[in-house]
Amino acid sequence: MFFRKKIDFDPNDQEGVIRACIAGSERAQRALFKQYFSFAKSICLRYTSSAEEAEEVLNEGFLKVFANLERFDTSQPFKGWLRTILVNTAISYYRKHQKHYKDTVSLEDAAIPRFSDDILENITAVEILDLVQQIKPVYRTVFLMYAVDGYSHKEIAEVLKINETAVRSNYVRARARLQHLIYRNYPDLFPKGWFSKTLKQNEN
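Once a new chain begins, its residue numbering starts again from 1 and follows that chain's sequence as written. Local features in this predicted model are restricted to residues whose pLDDT is 70 or higher, and side-chain atom pairs enter the listing and the counts only when it is 80 or higher, whereas totals over whole chains, interfaces and linings include all residues. Calculation of side-chain values draws on the structure's entire complement of heavy atoms; hydrogens and water are dropped beforehand.

### A word on the overall build of the chain
Helix and strand definitions follow DSSP, with helices as H or I runs of at least four residues and strands as E runs of at least two, each counted in order from the N terminus. Looking only at helices and strands, the chain features nine helices and zero strands. For the chain, the N- to C-terminal ordering of α and β elements is α-α-α-α-α-α-α-α-α. In the chain, which comprises 204 residues, the share counted as buried stands at 41%. Throughout, a residue-residue contact means that at least one pair of heavy atoms, one from each residue, lies within 4.5 Å. A separation of at least 24 residues holds for 64% of the contacts in the chain among residues at least 6 apart in sequence. Working definition of accessibility: Shrake-Rupley area with a 1.4 Å probe, residue cover restricted to the visible protein chains. Summing over all exposed atoms, the chain offers an accessible surface of approximately 12100 Å²; the carbon and sulfur share of this is 49%. Only protein chains enter the accessibility calculation, which uses a 1.4 Å probe; a residue whose area is less than 20% of its type maximum is buried, one above 50% is exposed, and one in between is partly exposed.

What follows is the structure, encoded as structure tokens:
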């Protein structure tokens, strides 16, 4: 794969590790991979629908990292650069395999009643991730890029090659589906009769 020859380097010196990676040191590449594995894996899991897909995106993403390390500006945060490569790799993976994707949850496009974000405090990050992964990939990607990874609507539009209006629309749809999923999976967090009551309010 991407592991090659041995070159001396200080594992505590990130710039030195990167230089060694560029020079082809397999130990440096392994060190960099190990150091950022958890961070990278968490990104891949967010943007894919299964552990197997996340593994494929992770491996492909790091191949791109090692192939493009010479272009990395060491004055900038490495995590930000790595995140960009992994997100773009996940998007490319989705585009390549999108004919195999289906919504794992069938939800109508009707307006979903909004609730306080305080409800999210009663759900773990892992549980929220499980729900997010049930959202249609095209909506999920926009939601994650904006709400989790901090991309602006303009940046998302440029990466996905769609207009900002479509980005905003997809984000609203993703948020609505997530709200529906939270209500359906954790109804005890809501007051009795909340869903039907707020739907009637929306109709008025």
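Right, picking up where we left off after that structure.
### Quick look at helix 1 (residues 14-23)
Within the span of helix 1, buried status applies to G16, V17, I18, A20 and C21. Looking at the residues trailing helix 1, positive phi occurs at G24, about 105°.

### With respect to the nonpolar core
As used in this record, nonpolar core signifies buried Ala, Val, Leu, Ile, Met, Phe, Trp, Tyr and Cys residues forming a set joined through side-chain atoms within 4.5 Å. With 50 residues, the main nonpolar core has L32, F62, V65, L69, F78, L82 and M145 as its most contacted residues. Elements represented by at least two residues in this core include exactly helix 1, helix 2 (26-47), helix 3 (51-67), helix 4 (78-97), helix 5 (125-132), helix 6 (137-148), helix 7 (153-160) and helix 8 (164-185). The residues contacting M145, other than those within four sequence positions of it, are Y47, V87, I91, G150, Y151, I156, V159 and L160.

### Some words on the pattern of salt bridges
Salt bridge criterion: a side-chain nitrogen from Lys or Arg within 4 Å of a carboxyl oxygen from Asp or Glu. Following the criterion strictly, the structure yields six salt bridges and no others. One salt bridge connects R46 with D149, and the closest N-O pair in it is separated by 2.7 Å. Highlighted residues: R46 in helix 2 and D149 in the loop between helix 6 and helix 7, separated in sequence by 103 residues. Both residues of the pair, R46 and D149, count as buried. The partner of E60 in a salt bridge is K64, with the nearest N and O atoms 3.7 Å apart. You can see E60 and its partner K64 sitting in helix 3, four residues apart, about one turn around the helix. According to the relative accessible area criterion, K64 is partly exposed, its value standing at 28%. Each of D13, E15 and R19 takes part in a single network of salt bridges with overlapping partners.

### Brief notes about the environment of D73
Relative to the elements of secondary structure, D73 occurs in the loop between helix 3 and helix 4. Classification of D73 by relative accessible area gives partly exposed; the value is 40%. Residues adjacent in sequence count toward polar contacts only when both atoms are side-chain atoms; beyond that, a polar contact is any pair of N or O atoms within 3.5 Å, and within protein one must be able to donate a hydrogen and the other to accept it. A polar contact is formed between the side chain of D73 and the side chain of S75, at a distance of 2.7 Å.

### Regarding the packing of aromatic side chains
Think of it this way: a Phe, Tyr or Trp ring, Trp meaning its six-membered ring, pairs with another when their centres are within 6.5 Å, and the plane angle makes it stacked under 30 degrees, edge-to-face over 60, tilted otherwise. Taken as a whole and judged by the stated rule, the model has nine aromatic pairs. With a centroid separation of 4.7 Å and 65° between ring planes, the pair formed by F33 and F62 is classed as edge-to-face. One end of the pair, F33, is in helix 2; the other, F62, is in helix 3, with 29 residues separating them in the sequence. Accessibility classification places F33 together with F62 in one group, the buried group. A centroid spacing of 4.8 Å and a plane angle of 65° characterise the contact between Y146 and Y171, whose relative ring orientation is edge-to-face. Here Y146, found in helix 6, pairs with Y171, found in helix 8; they are 25 residues apart in sequence, far enough to count as distant. For Y171, a relative accessible area of 16% gives the class buried. One aromatic cluster is present, formed by F33, F37, F62 and F66 through successive ring pairs.

### Some thoughts on unusual backbone geometry
Phi at K161 takes a positive value of approximately 60°, unusual for a residue other than glycine. For K161, the location among the structural elements is in the loop between helix 7 and helix 8. Among the residues examined, K161 registers a relative accessible area of 67% and is labelled exposed.

### Examining the environment of E15
Structurally, the position occupied by E15 is in helix 1. On the basis of relative accessibility, which here comes to 41%, the residue E15 falls in the partly exposed class. Taking the C-alpha atoms as reference points, E15 and T74, 59 residues apart in sequence, are found 7.0 Å from one another.

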